[in-house]
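# Structure at a glance
Now for the letters of each chain:
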Amino acid sequence: MSLPHAILTALLEKPSSGLELTRRFDKSIGYFWSATHQQIYRELGRLEAEGQIRALASEQPARGQKKSYEVLPAGRAELARWTASSQDPKPLRDTMLLRLRAAAVVGTDGIEADLRRHLDLHRRQLAEYEEIEKHDFPPDRDSPQDRLRHLVLRAGIDLETFWTQWLTHAIEEFAELP
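These notes cover the structure that comes with them. All values reported here derive from a predicted model rather than from experimental measurement.

## A word on the pairing of strand β3 (residues 68-71)
Bridge count for strand β1 (residues 16-17) against β3 is two bridges, and the pairing is antiparallel. Within β3, the residue paired with S16 across the bridge is Y69. Here strand β2 (residues 53-55) runs beside β3; their pairing, made up of three bridges, is antiparallel. Across the sheet, the residue bridging to A55 is Y69, located in β3.

## Overview of the environment of S143
Take S143: it is sitting in the loop between α6 (111-136) and α7 (144-176). Look at S143 and you get partly exposed, because its relative accessible area is 26%. In this structure, the C-alpha to C-alpha distance between S143 and I29, residues 114 residues apart in sequence, is 20 Å. Separated by 3.1 Å, the side chain of S143 and the backbone nitrogen of D146 make a polar contact.

Calculation rules
Residues numbered from 1 in each chain as written. Predicted model: local features only at pLDDT ≥ 70, side-chain atom pairs only at ≥ 80, totals over all residues. Heavy atoms only, no water. Pairing = 2+ DSSP bridges. Helix = DSSP H or I, 4+ residues; strand = E, 2+ residues; numbered from the N terminus. Buried < 20%, exposed > 50% of the residue type's maximum accessible area, 1.4 Å probe, protein only. Polar contact = N/O pair within 3.5 Å; in protein donor to acceptor, adjacent residues only side chain to side chain.

This is the structure in structure tokens:
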């Protein structure tokens, strides 16, 4: 049920059209909660039908014009309720880990090359997060909102650091396999 909450969060940060929202997802929230453009538009319609958001009045009504949305009190209340609720962590589900387990019984063909590919992908993602941190979170940005946003980014940095270290170790293990 987190996609509607991700959308409510993004709209409370800045009222947006569906297109603007999908672009913002691609650049921020999408790093830790992905959604297709179709899912976002479908969810906008559902949230509007439930009275949690509304389309803002357009200054120039025209057919096919993009709608901008804002969060209504019911949407803010739902987001506050969800934020305050308790949720258990989700168990780790990673295809690479399952493939390594399967390789133990069927052989390792192709796995080492994919480990190296994954390492490259995680290194690039880590570099991107570190660049965002450098650009968006200088030491003087210390408001409570900035600190919480930075905390989310730090989680991404720490996860990518973990994966680059783990994948480096896994590749070293492969070098020692008979």
